Amino acid sequence: MRLINRHPDRPSRLLLVILPFALVLFAYFTGSAERLADNPNDKLLPSAVQMSDAVKRLAFNADSRTGEYLLWQDTASSLRRLAIGLGIAALAGLCLGIAAGTLPLFGAPFSPLLTVLSMVPPLAILPILFIVFGLGELSKVMLIVIGITPALARDLEQRARDIPVELLIKAQTLGASTWTLMLRVVLPQLLPRLLISLRLMLGSAWLFLIAAEAIASTDGLGYRIFLVRRYLAMDVILPYVVWITLLAWLMDWGLKQLTQRAFPWYEGAAK
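Residues numbered from 1 in each chain as written. Predicted model: local features only at pLDDT ≥ 70, side-chain atom pairs only at ≥ 80, totals over all residues. Heavy atoms only, no water.

Another aspect to go through is the UniProt feature "transmembrane region" (unreviewed entry) in the protein. Those places that UniProt annotates as "transmembrane region" (unreviewed entry) correspond, in this numbering, to residues 82-106, 113-135, 190-210 and 231-251. Overall, residues 113-135 shows 65% helix and 0% strand. The separation of its end C-alpha atoms is 28 Å. Secondary structure content for residues 190-210 is 100% helix and 0% strand, and the end C-alpha separation is 29 Å. (UniProt positions renumbered as here; feature names shortened; annotations may be inferred. Helix = DSSP H or I, 4+ residues; strand = E, 2+ residues; numbered from the N terminus.)

It is worth spelling out the packing of helix 9 (residues 221-228) against helix 10 (residues 234-262) at this point. Interhelical geometry of helix 9 versus helix 10 gives an angle of 160 degrees and a closest axis separation of 9 Å. Taken together, helix 9 and helix 10 sit at an angle that is classed as roughly antiparallel. The interaxial crossing formed by helix 9 with helix 10 has left-handed handedness. The residues of helix 10 that touch helix 9, namely those facing Leu 221, Arg 224, Ile 225 and Val 228, are Val 236, Ile 237, Tyr 240, Val 241, Trp 243, Ile 244 and Leu 247. Looking at the contact of helix 9 with helix 10, its residues break down into 10 nonpolar, no polar and 1 charged. (Axes fitted to C-alpha atoms, helices over the stretch in contact; angles between N-to-C directions. Parallel < 35°, antiparallel > 145°, perpendicular 65-115°, else oblique. Left-handed = near helix turned anticlockwise from the far one by under 90°. Contact = heavy atoms within 4.5 Å. Nonpolar A, V, L, I, M, F, W, Y, C, P; charged D, E, K, R; others polar.)

The next point concerns the packing of aromatic side chains. For the structure on display, the rule yields 5 aromatic pairs. On the basis of an interplanar angle of 10 degrees and a centroid distance of 4.2 Å, the ring pair of Phe 106 and Phe 110 is categorised as stacked. Taken as a pair, Phe 106 and Phe 110 lie in helix 4 (residues 104-119) at a separation of 4 residues, close to a single helical turn. In this structure an aromatic cluster arises from ring pairing among Phe 263, Trp 265 and Tyr 266. (Phe/Tyr/Trp six-rings, centres within 6.5 Å; stacked < 30°, edge-to-face > 60°.)

What follows covers a nonpolar patch on the surface. Together, Ile 128, Ile 131, Val 132, Phe 133 and Leu 138 give the surface a local cluster of nonpolar side chains, amounting to about 500 Å² of exposed area. The element contributing the most residues to the nonpolar patch is helix 5 (residues 126-133), with 4 residues. Tracing the backbone through its elements, the reader meets Val 132 in helix 5. (Patch = residues over 30% accessible without salt bridge, like charges linked within 9 Å, V, L, I, M, F, W, Y side chains within 5 Å. Areas by Shrake-Rupley, 256 points an atom, 1.4 Å probe, with all protein chains shown as cover. Salt bridge = Lys/Arg side-chain N within 4 Å of Asp/Glu carboxyl O.)

So this is what it looks like as structure tokens:
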């Protein structure tokens with residue numbers, strides 16, 4: 001049998017999923033044990049005990065200066081910024097995508113503009129955002145919005161253009177106005193694609209958030225990572241990176257489940 005036609009069964013698939021993570025953990029802790037055996041004060045590869053102690057200190061012991069539990073405070077601040085940014089970007093991208101993909105008079109000027117804006121590196125304009133919006137919450141949210149909205153809008157615009165013309169003509173034959181056409185025909189087709197596009201953009205959204213928090217913030221996951229880097233506190237940095245990765249995975253899983261349950265008919269819902 002050709003390799004391309006071989007598929008793992010359920011137990012084998014589970015083993016293949018776990019294997020890469022197990023190998024990475026084995027390599028890390030082996031290297032950590034060797035470095036700490038040579039130098040107990042080594043900070044590059046902290047042991048599991050050191051990272052566990054750091055997590056306990058940040059998550060379950062109140063900070064002596066602020067009285068806050070730093071891990072949970074940072075998580076809440078970052079998730080709030082991310083949720084606001086993603087929400088605004090999703091709404092703006094959906095509106096722009098529907099308009100540019102459905103209305104030729106709107107798409108003619110705005111489609112090229114969206115293409116150009118999607119090519120602008122968002123981190124390159126971060127100083128401009130700080131100058132225009134200040135160093136508060138707005139600039140961090142706007143970086144996420146500006147960073148992912150053009151890409152979302154372009155993807156939804158293309159999906160709107162892929163809707164069969166026969167479907168649009170039939171709706172108009174039945175008396176649908178332009179507004180009704182967009183709400184009753186185009187919008188239902190684009191909503192599942194919006195959720196899938198958000199899943200694809202989650203990594204970029206986290207990147208923009210961490211960058212903004214690292215430069216100008218007083219709390220947040222990105223702020224904490226860049227604050228402790230000066231002390232080479234890898235026992236804090238590595239758990240924070242793992243925690244961010246877990247949060248991103250949970251968000252991706254939640255969007256996938258929402259897509260499957262809300263739009264089971266959509267061809268990409270199960271991916």
